Each structure stands twice: as C-alpha cells, then as structure tokens.
Amino acid sequence: MRILKIIGWLLLALIAILAVLTIYFKVSLSPDYEGSKDLIGLTNAVNVHYDTYGIPHIYAEDEVDAMRTLGYVHAQDRLWQMELLRRIGSGGLSEVFGADLIPTDKMFLSLGIDDNTDELISKLDMHSPPVIMANAYLDGINQFIAEGPTPVEYYLTGLDKTEFQLKDVYNTIGYMAFSFAMAQKTDPLLTNIKDKLGVAYLQDLAIDADTTTVLLKNHPGTPYTTISNSITAMATKALDKLPVPQLEGSNSWVIGPEKTKNGKVIFANDPHIGFAQPSVWYEVHVVASNFEIYGYHIAGMPFPLLGHNRDIAYGLTMFENDDIDFYYEELNPEKTKYKTENGWDDLQKVSKIIKVKDADDVLFEFHKTRHGALVNEVYNTIDTERPVSMSWVYTQAEGKVLDALYGISRATDLNTFKTALPNIHAPGLNIMYGDAKGNVGWFATAKLYNMPDSTSTKFILDGTTGKDEHLNFYDFSQNPQAVNPETNYVYSANNQPDSINGKYYPGYYLPENRAKRITELLDAKSDWDIQTASEMLNDVTSAVNPSIIKNLETAVDAKQLSEAETVVLDKLSNWDANYTLKNTDGALFHRWLFLVMKKSLFDELGEAQFSQLILTHFFKRMIAPYIANDTSVWWDDINTSDIKESRETIVTTAFKEAYASLVKDFGDDASQWTWDKVHTIEHGHPLGQVEALQEYFNVGPFPINGTREVINNLGFNYSNEGFFKVKSGPSTRRLIDFSDVENSLSILPTGQSGNLLSPHYQDQAEMYTKGEFRKMMLNKAEIQSTSKSLLTFKPTE
C-alpha cells in the first residue's frame, strides 16, 4: 500500500511538473498582444490595437516608426514563415530540413536569385524612401529576434535565429517571381511529346490561344469621367519539396458605379495560392500622419501586395505570361565554350556551398551560358547529353519590384497608382484597381518581350544560331490593360488576354471556365451590392462542365450499361454542375473524367509523362475541346495494333469503371455519393509532415464545397484513388465597397498567426470553409472600442 501511495504521489508530481512546463511554454513562447515595450529607433510612441481576430491596427505619428513597429508585430506572428521564405532563393532549405531538400536548393541557386539580389543591392540608393522604410521594417524584425520568444519550430529543428537583412527581402521577391514555375512543367514535356509522337499529337493539347473562348479585352480608357522528360520530372520533384505554398491563379473583378446599387465601386479579389499553415497573408492596418493602408503582406515583405484605404483598392491575379525560355546549347569538345551566332563564348562556372542539416556541406558547381544555367548540371539525373539552358526575365531585367510595391501602397489615385506599375518586371501579375472616384482598371504588369514570328516559346529553342533570341522588350503602354471599359467592370481569371500588337502573348493561361462564369454573372445584373458580391465569391457552379458531361454522355454506348448505371447517367446529364457539399454527381463526374483522360493518353505517354501532364495548365485547357473531338489521334490505344479504339470505347469503359469504384467505396445507393466524402481540405504545416506532429501543427481536414475552375476554386490533383484533396484555392476573399468602406469584408483560410500557441492560429478556419466573412475595420473609434488588446511601443531612453 505504501509503495502504491509513493507511486501515486510521483505521478501527481509528474503531472504537476508537466502542467507547469506547459503553462511556462504557453506564456513564454506566445506572442505578446498587450502591454508596453521599448523599441529601438522610435521617435514617438506607437499604439497597436489588436482586433477580435488578432489583426494589428498600428497608429503612429511617423511612417518610419510605423514600419519599425510593423516589423516587430509581423515577426512575432510569422517569424518561422519569414525564415523559410528567405531561405528559398539563397538555397538554404537543406540546412533546416536535411539532404532531401538538396535538389530544391540546387534548382533555386541555379536560377541566380541570390546573385541577382547581390547585384541589385549594390546599385540601390540607400536613402530612397522604399529602402528607408524596408530597413526600418527589418529593424523591427531584428529586435523581436533579439528580445522576443523563440517560435517552437526553431527548437524542433535545432536552427538558430539570425538577423534579417535587405538581401532577404529581395530573395523573397525572387522566390515570389519564380513561384508560378509552369514553364518547367510544360516546355520540356511538350518538346518530348512533339519529338516522340509527332506534331499530330499536339493539336489537342490546347497549347495556343483559342479565340473562341472568353478573352480578357483591352481598353486603354480614360479617368472616370527531344529531350527526356527528366527536366520536367526533376523540376516538379524539387518544387514539391518546398515547405511553403506556390502562387497559382486567382480571381478578381471590379464593378463600376453604373452596375452597383449604391453607385460606388465594389472591389473583389481572391488570389489562388497553395494551402499551407500558416496562411500566406498577414493582414495589418497601418495609420501614420501622412498615409493609411489596410494591407496583406507576405512574410518578410515590408509593403503589401494587396491593399485598400478610403481612396483606392488594389489586388492581383497571376498574369500567367511566359517569362522563361529553354534553349538547346552546343558545347565544344572540352566543354569550356558554347556556340553562338557570333562564334564561341566562354562558359561561366559557378560554385556554391549548400549547408545540410546533420551532414557535411555540399559543393554545388554548374556552368552558365548567356541564357542561364545548364539544367543538365542542376538536375544531374537528366538522361540526355544535349545541353539545355534556362533563360528567365527576372534575372535579366532591372529589378524594381520593391519600388513598385512601395509606390502602389502609397498611391492616392489612378494616376499615381499607374506610375508605379512599370516597375514590376516579374512575376507577371494582373493588377486590379478600383477607387472612390469611380475608376476601375486592370493592368497586366510584366516585362513582355517580342520573339521572332516563327518561334514558339512552348518548346525548347535553338540557342546556337540567334534565330530564337528576344528581339526587344515592349513598352509598358503596350501591355494588355483596361480602364473604365464600356462593360462597366474589369475582371481577371488567369485566362488568355486579347491580342497586343497583332499577337496573342504566349503564356500558361487557364481555361475559360471561371472567366465565363464571372462574365455571365456580372453581365446579368446592374444592382450589385456587397452581399451579392460575397455570394459570387463563394459561387461553386461550373459554366463549362455541363457541356463536357453532354459530350461524354453522347459518346456512351448505352447498350453496354446496366439499368442502375443508366439511371445514374441520366441523373448526371441533368446536373447543373453546382458543387455543394451534398451534391451526388461531382464524384462520379470527376472519377469518370479522369479515367477517360488516363485511358486515352496514358498509352502514348507512360506513367511519368502522364503524371506530369495532368499537373499542367494546358491539361485543364484541353479537357473541354478534347472531349468534344471524336476524331482525335489520342483515342486509339497504340498498344492494340489489331484494334482501333474510339472515343465511344474509351468513354463507355471509363464510365463503368467510375461507377464500380463508387459502389465499392460508398455502396450502390448513389444518394450516398456526396461531395463532402471525397473533397476535403487540410492546411499542412512544414513540420506537420512528421506524423507525430501532424495533429498539433496542421489545421483540418474539413469537407469543403467547390471544385477545380469554379469561382470558389478549390483545386486538386487527379489521382487513381478518386479522392480529391484540395491543394490550392482562395488565399483570402476580399470585398471593398466604396459606398461603405468601413464595413468591407475579408477572411483568411486558417488564422492571422503562425505561432502555434496563439489564439489566432486557426480561429478563422471553420468560417473560411463555410464561406463566411469578417470585417476589415478602418474606423479608429470602432477599433479602439472593440479592441481585444493594446500593445504600446515606446522610444528607448
């Protein structure tokens, strides 16, 4: 009995110790949202009011003080995210995650982001306003690093905190510029298909502009008044290892006063980015004596990419223009020179050291031509002897993206806003604009270049003769754009822009699906308000899938179907393609469609290339026209020389297999095949990939409505399993109504903080999955009266 009592007391003591440690870590490692702190470099006190969702509202007398404070409060919620983002462009992920990230570090080092940053910084005017503000922001981050609690991720990875520099800001911009990365997934793959299968197999791949689809219309406007598939495979693998999400697409529309109930502009935007925890955007409201902005920041970025105030609102979608080209190179026998139209030039050797966690440093060496790095040396498993280099606009044009972000965040009207836009050379962005005066605008911002008429940038080009080189850069005034068009709205859904200078600019544009639905809805009404606009942001109806279903149904051999299969097919043919949680047709449609595509393409491509193809944008573009084309060369199975398969054969067999798979998974009662059982979302943290940590760091999973290429674009990759785990979608949903700007709306996918111990780590997650919104507050009196906490920063004495 005495022994049992001793054991009991020991257990109680152990529980008490664990409780004390839990409380200690909770208190010591959590962000400070109230109290008073000294902040080095301040000239006057700064007050930070935190609202219900942990969004800081910074009130400062001086803009530099505001930026210094912003750096501190941003770091205490997102320091780990800042850490990862700054490491990508400089090849520093292996130091955190180990040898698995070496290929990823090699790829980003070969892009030249880090070297380009060094060159840019050497030419900066350190007394320019953008640099002064950026350095003040960095000072705030670094004081938090020196004095604030260390995020738990640093303890778990054994990584030491180090100060942030201006170089980290520019490297983050470089990663952002490359994040789209569709060229790596597309150009080498298309080259291989052309060389292996022939030109006939390219005709159904939706590579070129389709003038029969919905195009983004230009309107100048006036103020209101043979290569193996290894390059693709290795690039995809390297990008898949990234511990942070990638930019992918987006919607935005800006409705002019003539089409709104209250006669004022309504601005809507939902940038589509890969889901992760923490969420991409950090919201903050900054007020100083000379400016105000409610902005959305990427970790480590001093200026917001999305923002609004009482005068203007702006946001972005991905332009999807082609800004990367691959070139075949020819080397001399000694492999010291490469051939050009003017003779032989010396290869440039680059040597880098990659630090690796729990291992020796790795020496990484590669060579560069005038175009860029030889990717054969970057992806050393590429099984081709023909050298291929990669040319990227970001490192070949003057980098002024930081100046642009500063300029648009400080703009006061349409003219000052437009002045900053030519400074964005990469990534290509559709910048969306609306203001209190009634102006609406869309601007495709990028450094666009002219290529010879005979050159297609969707394939690997000839780097030896000069015939495939850039001819010149277009002036920004020639970029696609529209200001105050006759439609009384502008929009962007990553679809193909109309022609410029008589040409359709090459890119990796997405299909017309979302654009078609957006224009249908906008054209149908002239009394929009914030409520109907919010419903539109959550719209889950496909404008294109009904036509795909009709073409599939037409191709089915009905004589081969059972009675039960016929009933299900008839029901599907009458479906409105509305992807609610309880719809029972979406699961069948997507399983059927995937099997149709696989059965018709796999025999020619094989496992590796088919897996790569379904990750490309042209795969999404090709689906509707391909299904409608019963004469495509792809329908025949090349492995059955004695039989010529038809669309009917493939479509019928695929339907029966899709039906059987759903019966196996959910039973033969088709009313149980609901979308919520197959379409789910989970926000993964980099450390949540470790199974033991998953339940602590990851958020979700949750069933969620929507699907690929609807307005509420909850996208997924197809797989043999037939379950559709959401990978990307709206990284925020924003609505600014200039008739009542203080009651504008927003939502984040998980929460404001990336600190696991913060109450705002995931407090918006369920609201997001339900399509709900919260207020973006601008009214100072309301902010002060409803503030959950006040954190005051004071100058040091």
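Just above sits the structure.
Now for a description of the structure that goes with this document.

Thresholds, definitions, all that
- Residues numbered from 1 in each chain as written.
- Predicted model: local features only at pLDDT ≥ 70, side-chain atom pairs only at ≥ 80, totals over all residues.
- Heavy atoms only, no water.
- Helix = DSSP H or I, 4+ residues; strand = E, 2+ residues; numbered from the N terminus.
- Rg over C-alpha atoms; globule rule 2.2 N^0.38 Å.
- Buried < 20%, exposed > 50% of the residue type's maximum accessible area, 1.4 Å probe, protein only.
- Areas by Shrake-Rupley, 256 points an atom, 1.4 Å probe, with all protein chains shown as cover.
- Lys, Arg positive; Asp, Glu negative; His and termini not counted.
- Charge placed at Lys NZ, Arg CZ, Asp CG, Glu CD.
- Pairing = 2+ DSSP bridges.
- Axes fitted to C-alpha atoms, helices over the stretch in contact; angles between N-to-C directions.
- Parallel < 35°, antiparallel > 145°, perpendicular 65-115°, else oblique.
- Contact = heavy atoms within 4.5 Å.
- Nonpolar A, V, L, I, M, F, W, Y, C, P; charged D, E, K, R; others polar.

**Section: the overall build of the protein chain**
- Within the protein chain, the secondary structure is distributed over 23 helices and 30 strands.
- Against the compact-globule benchmark of 28 Å for 797 residues, the protein chain has a radius of gyration of 27 Å, which places it among compact chains.
- Within the protein chain, the proportion of its 797 residues that are buried is 60%.
- By element, 51% of the accessible surface of the protein chain is carried by carbon and sulfur atoms, the whole surface being about 30600 Å².
- One way to put it: in the protein chain the 69 positive side-chain charges average out to a point 2 Å from where the 105 negative ones average out.

**Regarding the pairing of strand β6 (residues 282–287)**
- Counting buried residues along β6, six of its six residues qualify, which places the element largely inside the surrounding structure.
- Alternating positions in β6 separate into two faces, Tyr282, Val284 and Val286 on one and Glu283, His285 and Val287 on the other, with burial throughout.
- Across six bridges, the pairing between β6 and strand β7 (residues 292–297) is antiparallel. Across the sheet, Val284 pairs through a bridge with Gly295, a residue of β7.

**Side note on the packing of helix α6 (residues 129–147) against helix α12 (residues 401–409)**
- At a closest axis distance of 9 Å, the pairing of α6 and α12 adopts a crossing angle of 90°. If you check the angle between α6 and α12, you find them roughly perpendicular. Residues Pro129, Pro130, Met133 and Ala134 of α6 form the contact with α12, whose own contacting residues are Leu402, Asp403 and Tyr406.
- Among the residues making up the contact of α6 with α12, the classes are represented as six nonpolar, no polar and one charged.

**Let's talk about the sheet that holds β6**
- Taken in spatial order, the eleven strands of this open sheet run β1-β30-β2-β3-β6-β7-β8-β9-β16-β17-β21, and their pairing is mixed. The outermost strands of the open sheet, each flanked by one partner alone, are β1 (35–39) and β21 (481–483). Strand after strand, the sheet turns through a mean of 20° between neighbouring axes, direction not considered.
- Pairing of strand β9 (residues 312–318) with strand β16 (residues 429–435) involves seven bridges; the strand directions are antiparallel. By the bridge assignment for β16, Ala313 is matched with Gly434.

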